[in-house]
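This is what each chain is made of:
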Amino acid sequence: MDLGIKGRRAIVCASSKGLGRACAIALANEGVDVTITARGAEALAKTAAEIRAANPAVTVTEVAGDITTPEGRAAVLKACPEPDILVNNAGGPPPGDFRNWTRDDWIKALDANMLTPIELIKATVDGMMARKFGRIVNITSAAVKAPIDILGLSNGARAGLTGFIAGLSRKTVINNVTINALLPGPFETDRLIGTAKAESAKRGIPAEQILADRAKTNPAGRFGDPEEFGLFCAFLCGAKAGYITGQNILLDGGSFPGTL
Ligand code: NAP
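One structure accompanies this document, and this report is about it. Residue numbers run consecutively from 1 along every chain, following the written order of its sequence. With pLDDT at 70 or above as the cut-off, local features in this predicted model cover only qualifying residues; side-chain atom pairs require 80 or more to be listed or tallied, and sums for whole chains, interfaces and linings still use all residues. Only hydrogens and water are set aside when side-chain values are computed; all heavy atoms of the structure are taken into account.

Notes on the overall build of the protein chain
Scanning the protein chain for helices and strands turns up eight helices and seven strands. A radius of gyration in this sense is built from C-alpha atoms; the matching globule rule multiplies 2.2 Å by the number of residues raised to 0.38. Radius of gyration (C-alpha) of the protein chain: 18 Å, near the 18 Å computed for a compact globule of 260 residues. With respect to the three principal axes, the spread of C-alpha positions in the protein chain is 55 × 40 × 40 Å. Relative accessible area decides the class of each residue, using a 1.4 Å probe on protein chains only: under 20% of the type maximum gives buried, over 50% gives exposed, and in between gives partly exposed. Scored against the burial criterion, the 260 residues of the protein chain give a buried share of 47%. Any two residues whose heavy atoms approach within 4.5 Å are treated as being in contact. Partitioning the contacts of the protein chain with sequence separation of at least 6, the portion at a separation of at least 24 is 74%. In these tables, accessible area is a Shrake-Rupley quantity obtained with a 1.4 Å probe, and a residue counts as shielded only by the protein chains included in the view. Total accessible area on the protein chain stands at roughly 13000 Å², and carbon and sulfur atoms take up 57% of it. Once the 29 positive and 26 negative side-chain charges of the protein chain are each reduced to a mean point, those two points are 4 Å apart. Runs of H or I in DSSP of at least four residues are treated as helices and runs of E of at least two as strands, each being numbered from the N terminus. Positive: Lys, Arg. Negative: Asp, Glu. His and the chain ends are not part of the count. Taken as the charge location is NZ of Lys, CZ of Arg, CG of Asp or CD of Glu.

Structure (structure tokens):
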């Protein structure tokens, strides 16, 4: 399927690894010029080189920096001031007990997972509306639909973003600018493997065992493949996806047990 976005420009945040990387690859495979970001320059350069090698006709721009800071965002917007596509993503906040979280912990989580996407949307959405094309995808979490108790910082910050987008996304679609969220369940990325390794150290069980047991609890009997996530993101960014806005779409192998 040709998604009709060849030659478009995308900013894909937090994209040297994992889900962001998969989105950048899927968009580049559609002929989209991608600006990719991450704090670690080395992994970012490696991903950029891989995308370039697979898509020589596409322009890949790497911007190393922390997307949750004003400087990090300014650098990305300087590299790609008029994106047609914006994929918002950043690392998730740490787990814990809310009794131990300070105001600073909350501000950090809100900055990363609520205010950073809002700032980037603020900087780009009016241009998209004026040009009559825009696709914004926020990578949030399945925890938006089924909150996970120890991930209170994530539950709170991402729910705030989701509420804000519910209003805005109905105001932009008249100009062919859609805003949607993708809610990942367990996808096999460094983050998921890192969590298993930490649990392994705590419980004295091999990380492979922890991962295999966890995969079995999913109705699909496995974790998601980041490529599956990236392809869905690319579809939402496609020319023919202009009638989908304000949606929160779960990609979780059927984990969420509800009808809606
Ligand atoms: P990942 O494999 O750890 O990759 C995270 C990527 O984001 C890396 O490229 C990382 O590079 C970059 N990054 C992190 N913080 C950044 C920052 N402040 N500024 C710029 N780049 C940053 O993680 P993932 O599994 O793809 O997860 C992506 C998002 O989905 C996270 O918010 C996560 O909480 C959420 N999520 C994931 C799953 C899952 O199963 N994978 C499930 C639910 C929700 P640097 O570290 O070099 O910056």
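Resuming the write-up.
Quick look at the side chain of Arg135
Examined against the element boundaries, Arg135 turns out to sit in strand S5 (residues 134-139). By the criterion applied in these results, polar contacts are pairs of N or O atoms within 3.5 Å in which, for protein atoms, one can donate a hydrogen and the other can accept it, and in which residues neighboring in sequence qualify only through two side-chain atoms. Only 3.3 Å separates the side chain of Arg135 from the backbone oxygen of Ala239, close enough to count as a polar contact. The contacts of Arg135, once residues within four sequence positions are left out, are Asp84, Ile85, Leu86, Met128, Asn176, Thr178, Leu236, Cys237, Gly238, Ala239, Ala241 and Gly242.

Some thoughts on the sheet that holds strand S4 (residues 85-88)
Pairing in this open sheet of seven strands is parallel, and the strands run S3-S2-S1-S4-S5-S6-S7 from one edge to the other. The strands lining the two open edges of the sheet, one partner per strand, are strand S3 (60-64) and strand S7 (248-251). Direction aside, neighbouring strands of the sheet carry axes that sit 15° apart on average. Only strands that DSSP links by at least two bridges are regarded as paired with each other. Sheet topology note: the strand S1 (residues 9-12)/S4 ladder contains three bridges and is parallel. Considered in S4, the bridge of Val12 is made with Val87. Note on geometry: axes are lines fitted to C-alpha atoms, helical ones only across the stretch in contact, with angles between N-to-C directions running from 0 to 180 degrees. Contacts from helix H2 (residues 41-54) reach strand S2 (33-38) and S3, with the element oriented near 175° to S3.

Brief notes about the pattern of salt bridges
The term salt bridge refers to a pairing of a side-chain nitrogen on Lys or Arg with a carboxyl oxygen on Asp or Glu at a separation within 4 Å. One pass over the structure, following the stated rule, counts 12 salt bridges. Ionic pairing is found between Asp84 and Arg131, a salt bridge with its closest N-O pair at 3.9 Å. Of this pair, Asp84 sits in the loop between helix H3 (70-79) and S4 while Arg131 sits in helix H4 (residues 103-131), and the two are 47 residues apart along the sequence. According to the relative accessible area criterion, Asp84 is buried, its value standing at 5%. In this structure Arg131 comes out as partly exposed when scored by relative accessible area, which is 30%. Ionic pairing is found between Asp97 and Arg99, a salt bridge with its closest N-O pair at 3.0 Å. Take Arg99: its relative accessible area is 64%, and that puts it in the exposed class.

A look at the site of the ligand
Residues in close proximity to the ligand total 28 residues, the closest being Ser16, Leu19, Arg39, Ala90 and Thr189. The separation between an oxygen atom of the ligand and a polar main-chain atom of Ala90 is 2.5 Å. With respect to the ligand, the backbone of Gly92 contributes an N or O atom lying 3.4 Å from an oxygen atom. Out of a free accessible area of 880 Å², the ligand has 88% covered by protein chains. Taken together, the elements giving at least two residues each to the shell around the ligand come down to helix H1 (18-29) and helix H6 (190-203). To be near a molecule or strand, a residue needs just one of its heavy atoms within 4 Å of it.

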